[in-house]
Every structure is written in C-alpha cells, then in structure tokens.
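Each chain, written out:
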Amino acid sequence: MKETNKLLLIDGNSVAFRAFFALHQSLERFINHDGLHTNAIYGFKKMLDNILATVQPTHVLVAFDAGKQTFRTEKFAAYKQGRAKTPSELSEQFPFLKKMLSAYGIISYELTNYEADDIIGTLAAQAELQDFQVTIVTGDRDLTQLATTKTTVAVNQKGVSEIEKYTPAHVQEKYGLAPAQIVDLKGLIGDNSDNYPGVTKIGEKTGLRLLHQFGSIEGIYQNLDQLKPSKMKENLINEESTAFLCKDLAQIRRDAPIEIKMDQLKWDGPDLKSLREFYLAMDFRSFLRQMAVDGQFQDQQVTADQEQVTYQVLEQTKLASLPVVPAQVTFYLEMSGENYHNAEFAGFAIKVDDKFYVTRQTELLKQAPLKNWLENQETSVNLFDAKRTIIGLRRLGIHLQRVAFDLLLVSYLLDTSDNSNDLGKLAQQHDYYLVASDEEVYGKGTKYAIPSKDSRLFEHLCHKVRAIAELQQPLLAKLEANQQLELYLKIERPLTFVLAEMEIAGIKVDPQKLKMISSKLIEQLSDLEKAIYNEAGEEFNINSPKQLGVILFEKLKLPVIKKTKTGYSTAVGVLEKLRGMAPIVDHILKYRQLAKLQSTYIDGLLKVISAKDQKIHTRYTQTLTATGRLSSVDPNLQNIPIRLAEGRQIRQAFVPSHAGWKIFSSDYSQIELRVLAHISHDQNMQAAFKAGADIHASTARQIFGLADDAKVTANLRRQAKAVNFGIVYGISDYGLSQNVGISRQQAKKFIERYFEVFPGVHQYMQEIVKKAHAQGYVETLFKRRRYLPEIKSKNYNLRSFAERTAMNTPIQGSAADIIKVAMIRMQQALQANHLQAKMLLQVHDELIFEAPADEIPRLEELVPGIMDSAVDLEVPLKVESAYGDTWFEAK
DNA sequence: TCCGTCACG
DNA sequence: ACGTACGTGACGGAC
C-alpha cells in the first residue's frame, strides 16, 4: 500500500513576524558575534521543529512575499499601504532565515507580483488533486479560507508554540460559514491591516447575518429586494463595486504561475553539517548541544558509551594502589554554594592517566598519595576555577602549588564578555557538550541541592573533569593564536595565587566601632524621618521611590524633572535641582545618604564578619569584568565610602589584625590618564606628566587658554578634570554638559578645544574605533581582548555605546593589567624580603596592606618602587602612600 | 527577579 | 531624530 503524501506549506513572512514580536522583549539578548539579531530565526526554528515533528511531512515549502508590488496593488493602489515599516532588526534576519531553511533541506519560494498566500493556495490546490494531505502554517487567519477535508490550516497564536488548527468543521463552528465564504465576509467588512474598506457600516455581526441568509456577496446582490429599506441597504447598493473588489482582494489565488513541481518539494530531512555550521554562525548553543546529544554530529558522534564515563568510587583501601607522582592530573572539588570560604564540601573527582576516581569523602584528599599529587612540584594540575579550589583545599590543610590549566580563567581571557561561572555552560560555548550545567543537575534558588543519589553526583563530577581535560589543548591553542599565552602565564595565573592569599588573610573589622557609628546614625535617621513625615503631612516609606514620587510630585506639586520607565525619578541629580523649593528635599537627601550607610555598610558588614577570626574575607572575581578589572563580592570591599565625611568614618572600623600593626596604603595617581598619554603618544599630554604637573590644572590652562604659570581657579580646574574624565570614558557633549552643569554647546566647545590641544588623543580615539570595527575587538597593553560586535549595529545607541567602549577599554583595561603585575611582584617582594606585612585589598588603583609598625619605613620604599616600575611607559607612573591605625587614617 | 538608587575607581 | 559619559555590587521595594 502506498503511504499518504503529506505536504507542509509555511507562510514564511507571517511566521517570522510572529516569532520576531514574540521574542521582542529579548531582542537585545539575541545578537550573534557579528552583531546580527537572531530572535526571529530562533523562534522560527523552534516553531519549525515543532511542526515537523507533529506533521511528519513528506514534502515541504516555505513561501515568502516577493515585494510590495503585487497584482493586488495594481487593482487597488492602497492595498497594504500605511503599514509600519518592517523593523531593520527583523529584515536583516530574512536572508539568514532562508539559509537556515536551505540547511534544513527546505525550499524557499517567492513569486513576483504574488503574495506568499497565493503560492500556498496554488500549491495546496495542486497537492489536493494528487491526493496529498496538506498542512498550512501561518499567523494570518485569512488563510483559513483554504481549509478543506484534505487541507488543515494551523494558525500560530501569540507565541511560537501555541497553534490553533482550522478544519472546515472548525471554521463552521467559529463563524457558521464554509471556508470558501471567508472571502465574502472580508468583502463586506474589509480588512484594516490590509487597508481595504469593505462596505460602509457593515461589521462582523451584520456581515455574518447577511451571509447566513444569502450565502455569498453574489447572493446578496441577486436578492436585494428581500432586504427592507435601510441605511445599510443604501450602502450596499452604492458600494457594490467596492464589495466585489474587496472580495477579489481577499480571494487567495489558486492558479498562480508557479513553475515548481511537487517532486521538487520532497523533503529528506536536514543536512546536519550545514545546520551545525549555521548554528555556530548564529551562536545557537542550545541547539548545538541538542544536536550533539541526539547524536547528529558526524565528526563528534555521541554514542551512549561516550555519554557515560567509567569511574571508580574512591575508598580508603584503594589509595595504596594509585600512582605516586603522576605527571598530570585533572581535578574538580565540588562545594555546595558559591562562597568557598565556608561552603560545605560535596565531593571531588580526579582523573589520572585515563582513569576517573570520584567520592564524596573529601577527607581522603588529606592522605597520600592524593595530597602529594596536589602539593608536589612535578605534577601539573588542571582545574576549573583555581582560586576556588586553592581556598577549598587550604581549608583541608592542602597547599596547592602549581596550576597548569584553569578552564575558567583561560575561557575568560579568550572572551571577557562572554563568560559564565558554570562549567557546563562554559564548555558548551567551546562546542563541548558532554557535561550538563550545574543548574540542570543541582537545580537553582531554593531547589538547589547536591543529589543524594551517588551515581548522579559522581557522573556529573566526572563529566566536569573530563571536560576540563578535553578542553585543555584546544583552549590553550586558541590563547596562543591570540598571542595571549603571556597574559595567562605571566599575569592571570600567578595572580590567582596572590588573590587567594589576600582572601584567606582577610581584613579585621571592629564590630564595636560599627555599632557606635550605627547608634548615632539611627538617632539622626529617626529625627529626619520625623521631619520628613511632618513636611509631607503623612507617614510613608521614604525608601520607596514610588511612594516618595507621589509625595513630592503629586502632593507637594514639585516640578517633574525626569521620569523613569516606572514613574517619577527621585535620583540625587533630580532632588538637587529641587533643593530650595521645599525643605523636605534636603531632608530626603540626607536621609538617603545615612540610610545607605546603615543598611549597606553597617548592617551589611556586621553580617559578614567571621565569628572565627573577626575578619571579613571578600571574594575577588577574577573572571567577570569586560575590561580586566577585578570585582569584589560578599561583601564588596571596593566601594567602602570615602568621598563624604559621614561615610568615610566606616573606614575607622577596618583595623590591623595584630596589636602594634598599621594599615598601609599606596595608590597610583591618575593612572588612567597616564595610560592614555602612553597609548596615544600625545606629546603635549606626555610633557605635562614628565614635568610632574598637576594634570587637571595643566589641562585647564591649555583648554581655557591661560598662561603657563597662571593660577587656575578651583572652578576651572574642576571643569578640566571633568573633561579629562570624559575623555577617558569616550566623551559625548551631552554627558559632559550633564556632569559639569554647563550647556551642551559649551561642552562641545570644550571637547573641540581639548582635541586641538591634544591632537594625539584625538587621533587615538578615531583610530581605536576604526580598529574595533575592522577587527571586531580592542586590546589592552598586555593583549587582554574585548569583543565589540555591536560596533557594527545599525542601532545608533548600541553602536555609540560600543564606540565609547572601544575608546575606554584599552585605558581602563591596561590600568588593570598594570596593577595586576604590581600585585604579583609585590607578593614576591614581601616574601623575598622576609617581611611580615600582608597585602589585603585591591581597589583598582590602590593596594592596602597591614604590617608591623617597624616595617612601615621599608614599605614606604618598597611598595611605590614596585608599583611604579610594574611596566615601562612613555610617561612616569606616580604612586602615593599613607598609613595609620585604621584604614580611615591611611589616607 | 527586576528596577531604581547609590557606594566605589 | 535619536538619547548618551566607562567599569562594578548591594540594598529595599514592587512585581
């Protein structure tokens, strides 16, 4: 018996539109490495898989509209006029959509002068004659007119997955009409979105009533005498030609001059190789993973065997049979929770030679030969997240000395903007699919739990170890190809050890001091609260921007300066403009300032002082920022207040951990501007630094045209400083004007003048943007790389942002490189000089130590000496130091 | 979980 | 005509 042929016809434009708007809120998340939007392609692909699986067609075609001009516009010029232009973010996706269809082995078809509908109508008619079953997929209900016993019309609803199926019975049920009568209905009532009118005053209700009575438009006009005289009847008579024209426009053609034969639509499934290449080009990682898991890669065939990993559960009795000093091991230590300073151990897996060992008993690590593997100098250890592992092991009394390959760190260096802390997700980004993400295995949020079933945990840990081992060679090769091996080997990898020591050391914090500050704050806050309620005439939550907005702008009728997405803005900048209009404003500003201190810096810090040693152990994230800076979390010790006197007091609570010790601090002076002077080779700016001038005052003299020895007023210096900052950030006249409080015109003049005075800087800014465009990324002094795909975006905002980033990242990132080098050398110098001093904190351009009082004179020489010689620039680096009994006094 | 706000370089 | 300084993390409130 012959099997039934099944034809699937898809309205490409309509489905692409649906997919685009369904994923519109995620538009900016769907951008591939070339800056192409991919949301419609993604949605289309999901829908396509869905429909292919349910319909299981033997023949497939996707029809597209050929253009605006069609036979319908010839008959009626206004047809589909007044429609919003297709957004460029969507139209750019069509060529790639067609590429994907071709990889799927599916024909895309369009026909001059006809719409996709007509192609579908014609092919459906031909297929029915050949006894095919036909399924039509579209987002447009008009196609329901094509439903027959052999043809089903599937209309996708809002999303891409919800589909409503129309058979003749369904159309009958919904409208009380046969599918063929849909065109009569449209002829009477018209179509707003296609922009044709129908008969005046006839809507869906009247239209349906007439058709139920007379069957068709022809029927209505043959039986006009049966209608009672009415306005409607007059309209029908006056607009007879319109009614017939509109019916004709609605009528999908079933005889379009299509040259394609049914045989050509035969579908044999996708070409997996092309599909894989396409997904790679689109950055569709989840689909790639799906393909791998489904065993669809020819060169990376995943069989059930390969999914599995053979491992041995490690036990006390087995330790003796392990090798003594292997050349290489790959190791993963699992802890439950992010904070490795105190997270519970969950187990470990280790690969040696080709064998995998795994256990929950982390205590085994303390014994031979495992301890020796990790501590001896001859075995290289491959890891994921070395810092986490170093600190976890240290808690077990194990001193990890040498790391060869750190998957997390290397991956970050390869692409600083596309990083994840999850081994499974990260492996996927490198086209390795045989390890799940932690979220898949452990869950997230309140559901997070290490599996109690041994095999589940053990397999996952072994998969992780296998991924590290497998990715080692290819990723190191990529680093080398990018000329980034030195950055990894000389800077980032050694830095991991330095950071680990700083985190383990921690900084002592005096809770009594914080509580003293707190009691004063609470008193002041309570007074302010009373004053604010009094001025507002009611009590409300001052911390709620929403409630505060109502009080200020509705009840007190203060002028609205700025709005946010959700309501009135009450940010500092806004409140400062309202100052003097009502006393409540000053009180709110003060309240905000103090409430921040209390919640973030008093309560927040008290919560994280360790009961064991009265210290705070932050974690530095080495693999997060796009520029190469560190960040500090849990708590953030890089944003302890300093600018305002009230907040600065918090620093009095940061104290040395031993009696008779001091806090010592050194910071780079204007490191970013010095970096800029170096990379731009601007002679004028370099001269200022070489002369040891006050750079902001010198800038002021030059851009405001003062004499070389003229005194610079505080105000001019402040403005020049703002311009200098603006330059570093990738300046815009608007941004500068907002910051300095001058007109945009004035700001523009400042910038022009600046570029005249510092032509090297101007040239650098232009060239770095060009370079970013040409190569797709920018680099720092030590070849740290940041990709900027959006620099090619057609969206002005995205593109401008990428351009400013191109200007800023080499500056900010090179400064980060420099202090990292200094930190490594510093740690070595402390050891080499047998000093007790410890490096505790890094705050971007500043290093903070604690040391016995008698070491301070040595540090005053040593630390600045190392910091200012960390790199050799075309301008000198300047370092300033200070010390005292608390961090507050080390200023 | 997102948003607005604000602390730092 | 557009909306804008660069890089972070933590908090409270609202959904």
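All of these numbers come straight from a predicted model, not from anything done at the bench.

Check the secondary structure of chain A and you find 36 helices and 23 strands. Along the first, second and third principal axes, the C-alpha set of chain A runs to 115 × 80 × 60 Å. Across the 891 residues of chain A, 53% fall into the buried class. For chain A, long-range pairs separated by at least 24 residues make up 67% of all intrachain contacts whose partners lie at least 6 apart in sequence.

Time to look at the domain arrangement of chain A. Along its sequence, chain A is carved into domain 1 (6-265), domain 2 (304-479), domain 3 (511-613), domain 4 (625-681 + 763-891) and domain 5 (683-757). Each of domain 1 and domain 2 has a C-alpha centre, and the two are 55 Å apart.

Taking 1.5 Å per residue, 16 residues should reach 22 Å; helix α31 (residues 714-729) reaches 23 Å between its end C-alpha atoms and fits that length. Tucked into the core, α31 has its buried residues touching α28 (671-680), α30 (695-703), α32 (733-740), α33 (744-757), α34 (759-775) and α35 (796-832). Where α31 ends, the next residue or the one after it, G730, has phi of about 85°, a positive value.

To continue, consider the pairing of strand β10 (residues 355-359). The buried count for β10 comes to four of five residues, which makes it a mostly enclosed element. The pairing of strand β7 (residues 311-313) with β10 spans three bridges and is classified as parallel. In the strand pairing of β10, V313 is matched with V358. Of the strand pairs in this sheet, strand β9 (residues 344-352) and β10 are connected by five bridges, and their pairing is antiparallel. Bridge pairing links A349 to V358 in β10. Counting the residues in the hairpin turn of β9 and β10 gives two residues, including D353, whose phi is positive at 50°.

Along the chain, S519 turns up in helix α23 (residues 511-536). Given the relative accessible area of 43%, S519 is considered partly exposed. Separated by 268 residues in sequence, S519 and Y787 place their C-alpha atoms 49 Å apart.

Conventions we followed
Residues numbered from 1 in each chain as written. Chains lettered and ligands numbered in written order. Predicted model: local features only at pLDDT ≥ 70, side-chain atom pairs only at ≥ 80, totals over all residues. Heavy atoms only, no water. Helix = DSSP H or I, 4+ residues; strand = E, 2+ residues; numbered from the N terminus. Buried < 20%, exposed > 50% of the residue type's maximum accessible area, 1.4 Å probe, protein only. Contact = heavy atoms within 4.5 Å. Domains from an automatic or database assignment. Expected span 1.5 Å × (residues − 1). Pairing = 2+ DSSP bridges.

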